[in-house]
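These are the residues of each chain, in order.
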Amino acid sequence: MTPADVMANVKAGERIEGKRLAGLDFRGLDLSGGLFAHTDFSDANFAGADLRGSLFEDCRLAQADFDGAQLGRCAFDRCDGSHVHMRGVFMDDIAFHECNLTGAVFDQAESTMSNFVACALDDASFQALRCDILVFAEGSLSRTDFSDCYLKYTTFYEADLRTARFGGCRFQQAVFVEANLTGQSFREQSFAHCQFIDAQMRDCDFERATLLACNFMGAMLEGARFNGAHAPNCVFLNAKMRGAQASDAFLMQGIWVDAQIDGVNFARSNLEQAVFHRARCSGADFRGARLVFADFAHADLRQADLREATLLRTQMHRALLDGARIGDRSGFLQPDPDVLAAEEFSARRSQRRRQERP
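In every chain, residue numbers begin from 1 and rise along the written sequence. pLDDT decides what is reported in this predicted model: residues at 70 or higher carry local features, side-chain atom pairs at 80 or more are listed and counted, and totals for whole chains, interfaces and linings draw on all residues regardless. Side-chain numbers here rest on the full set of heavy atoms in the structure, without hydrogens or water.

Time to look at the packing of aromatic side chains. What describes a pair of aromatic rings is the distance from one ring centre to the other and the angle between the planes of the rings. Between rings of Phe, Tyr and Trp, where Trp is taken as its six-membered ring, a pair exists when centres lie within 6.5 Å; planes separated by under 30 degrees are stacked, by over 60 edge-to-face, and by other angles tilted. By the definition in use, this model includes 51 aromatic pairs. Aromatic side chains Phe 76 and Phe 96 sit 4.8 Å apart centroid to centroid with 10° between the ring planes, which places their arrangement in the stacked category. Here the residue Phe 76 occupies a position in strand 4 (residues 75-77), and Phe 96 occupies one in strand 5 (residues 90-97), the gap between them amounting to 20 residues. Taken together, a centroid distance of 5.7 Å and an interplanar angle of 90° make the contact between Phe 116 and Phe 126 edge-to-face. Within this pair, whereas Phe 116 is found in strand 6 (residues 110-117), its partner Phe 126 is found in the loop between strand 6 and strand 7 (130-137), the two being separated by 10 residues in sequence. A single burial state applies to Phe 116 and to Phe 126, both of which are buried. Put simply, a charge is over a ring when the Lys NZ or the Arg CZ is close to the ring centre, within 6 Å, and near the line of the ring normal, within 35 degrees. Cation over ring: Arg 170 sits above Tyr 150, and NZ or CZ is 4.2 Å from the ring centre. Secondary structure elements are taken from DSSP: a helix is a run of H or I of four residues or more, a strand is a run of E of two residues or more, and numbering for both begins at the N terminus. Relative accessibility decides the category of a residue: with a 1.4 Å probe and only protein chains considered, values under 20% of the type maximum give buried, values over 50% give exposed, and everything between is partly exposed.

What follows is the structure, encoded as structure tokens:
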């Protein structure tokens, strides 16, 4: 078949199946609405073609050129697209399912609502991608290059991103649920309203990064570095941060409830209005930190260092302070007798109920 024959069949609503069309030149052709199955398009040239609404099933697309093509509402199912070129394409509501996209190039592409499900994207490149709603689920992303991307509403679900490259990226409302980011460097990068729920983030580098209202709930952050970060209104609920570094950081109004922050260095950081309920802070370094209106109710501060910290209306209700180094305790709020009485009553009632159980 010639490219003209293919276009004529597509416009007639015919399915192209089981054909060998490798190396053909489809540049600029209108192939919108095409149905292609078990067809070999290896090394074919689709540059600038209109492929909107097309479906590719079990096709070979290795090293094919889609640069500048229109791919709105396209679907690629179980295709071999290794080293395919899609530079500068506009991907509107596009889906890739179980595709081999190893070494694929999506540089300077623009995406709205694109999904990559169970795809191999090892060594693929998305440099300078601009996107709204981009999903990567269940696939492989070894050495994938996202350099200089603006990742807005992007979801990485259970993705192994240890070797992915994010240099120069900006992130807005991106989601890294249960992703593995161990050892990644995001130094001086910008995140706004991003989610890192239950992510593996040991030894991550966020030094001097901007992290606005980000959620690290349940994240593994042991050895992570937040020195000099601007991170107000962040949530570290139940995060594990032993040995992390967070000195000279702006961490105002953070939520650290039930966090494991033993030995964390918060020296000279602004922790005003931060909430540390039941947090494990033993051995933590708060020297010179601003702890105005901070709440350490029921926290473990044994052996912690609070010397030269700014303490004003700082709540230490039932906190464990054995061995803590504190210069001036006059900034501590006095325990509320009504709250103490209520807690004691609740404890007695709970004990009585346990004893009354058969």
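For the rest of this paragraph, the subject is the sheet that holds strand 8 (residues 150-157). Whether two strands pair comes down to DSSP finding at least two bridges between them. What the 11 strands build is an open sheet, ordered 1-2-3-4-5-6-7-8-9-10-11; its pairing is parallel. Unpaired on one side and paired on the other, strand 1 (15-17) and strand 11 (210-212) mark the two borders of the sheet. Pairs of neighbouring strands in the sheet enclose a mean axial angle of 15°, with direction left out of account. To obtain each axis, a line is fitted to C-alpha atoms, and for helices this fit is confined to the stretch in contact; angles are then taken between N-to-C directions over 0 to 180 degrees.

Okay, the nonpolar core next. Only buried residues count toward a nonpolar core. Its members are Ala, Val, Leu, Ile, Met, Phe, Trp, Tyr and Cys residues joined through side-chain atoms within 4.5 Å. Within the largest apolar cluster, 112 residues are counted, with the highest numbers of intra-cluster contacts made by Phe 96, Phe 106, Phe 166, Phe 216, Phe 226, Trp 256 and Phe 286. Contributing elements (two or more residues each) for this core: helix 1 (3-11), strand 5, strand 7 and strand 8. Contacts between residues were defined by any pair of non-hydrogen atoms, one from each residue, lying within 4.5 Å. Those residues in contact with Phe 166, other than ones at most four positions away along the chain, are Phe 146, Leu 151, Phe 156, Leu 161, Phe 171, Leu 181, Gln 184, Phe 186 and Gln 189.

Those residues of helix 1 lying buried are Pro 3, Val 6 and Val 10. Take helix 1 and look down its axis: the buried residues cluster within an arc of 60°, on one side only. Where the residues of helix 1 are buried, they touch strand 1 and strand 2 (35-37). Residue Gly 13 follows helix 1 closely and has a positive phi angle near 80°. By construction, the arc corresponds to the directions joining the helix axis to the C-beta atoms.

Here we come to the environment of Gly 81. Position of Gly 81 among the secondary structure elements: in the loop between strand 4 and strand 5. Each C-alpha atom, one on Gly 81 and one on Thr 102, is 7.3 Å from the other, the two residues being 21 residues apart in sequence. Beyond its immediate stretch of four places on either side in the chain, Gly 81 contacts Leu 61, Ala 62, Asn 100, Leu 101 and Ala 104.

Our focus in this paragraph is the pairing of strand 6. Pairing analysis gives 7 bridges linking strand 5 to strand 6, with the strands arranged parallel. In the sheet register, Met 91 faces strand 6, and the bridge partner there is Ser 111.

Turning our eyes to something else, we now look at the side chain of Thr 314. Looking at the secondary structure, you find Thr 314 in the loop between strand 11 and helix 2 (337-356). Every residue in contact with Thr 314, bar those within four places of it in the chain, is listed here: Leu 291, Val 292, Phe 293, Ala 294, Phe 296, Gly 331, Phe 332 and Leu 333.

Before going further, it helps to spend a moment on a nonpolar patch on the surface. A cluster of nonpolar side chains, namely Met 113, Ile 133 and Tyr 153, defines an oily patch on the protein surface of about 240 Å² accessible area. Note that Tyr 153 resides in strand 8. Only residues whose relative accessible area exceeds 30% and that take part in no salt bridge are eligible for patches, with like-charged residues grouped when within 9 Å of each other and nonpolar side chains (Val, Leu, Ile, Met, Phe, Trp, Tyr) grouped when within 5 Å. Only the protein chains shown count as cover for residues, with accessible areas throughout obtained via the Shrake-Rupley method and a probe of 1.4 Å. Only one rule defines a salt bridge in this text: a Lys or Arg side-chain nitrogen within 4 Å of an Asp or Glu carboxyl oxygen.

A pair of sulfur atoms, both from cysteines and within 2.5 Å, is called a disulfide here. Applying the stated criterion to the full structure yields 0 disulfides. As a non-bridged cysteine, Cys 59 has Cys 79 as the owner of its nearest cysteine sulfur, 4.9 Å distant. The cysteine Cys 131 is free of any disulfide, with Cys 149 supplying the nearest cysteine sulfur at 7.2 Å.

Looking now at the side chain of Ser 82. With respect to the helices and strands, Ser 82 occurs in the loop between strand 4 and strand 5. Side-chain atoms alone can form a polar contact between residues adjacent in sequence; in general such a contact is a pair of N or O atoms within 3.5 Å, and within protein one must be able to donate a hydrogen while the other accepts it. Separated by 3.2 Å, the side chains of Ser 82 and Asp 80 make a polar contact. Sequence-distant contacts of Ser 82, defined by excluding residues within four places in its chain, comprise Ala 62, Gln 63, Asn 100 and Thr 102.

Most peptide bonds are trans, and most residues other than glycine sit at a negative phi. Not every positive phi belongs to a glycine, and Glu 178 is a case in point at roughly 55°. Along the chain, Glu 178 turns up in the loop between strand 9 (170-172) and strand 10 (190-192). The phi torsion at His 298 lies on the positive side, around 65°, for a residue other than glycine. Its place among the elements puts His 298 in the loop between strand 11 and helix 2.

On to the pattern of salt bridges. On inspection of all chains with the given rule, the structure shows 30 salt bridges. Two residues, Glu 57 and Arg 15, come together in a salt bridge whose shortest N-O distance is 3.0 Å. Taken as a pair, Glu 57 in strand 3 (residues 55-57) and Arg 15 in strand 1 lie far apart in primary sequence, 42 residues in all. Classification of Arg 15 as partly exposed rests on a relative accessible area of 42%. Taking the shortest distance from any N to any O, the salt bridge between Asp 50 and Arg 52 comes out at 2.7 Å.

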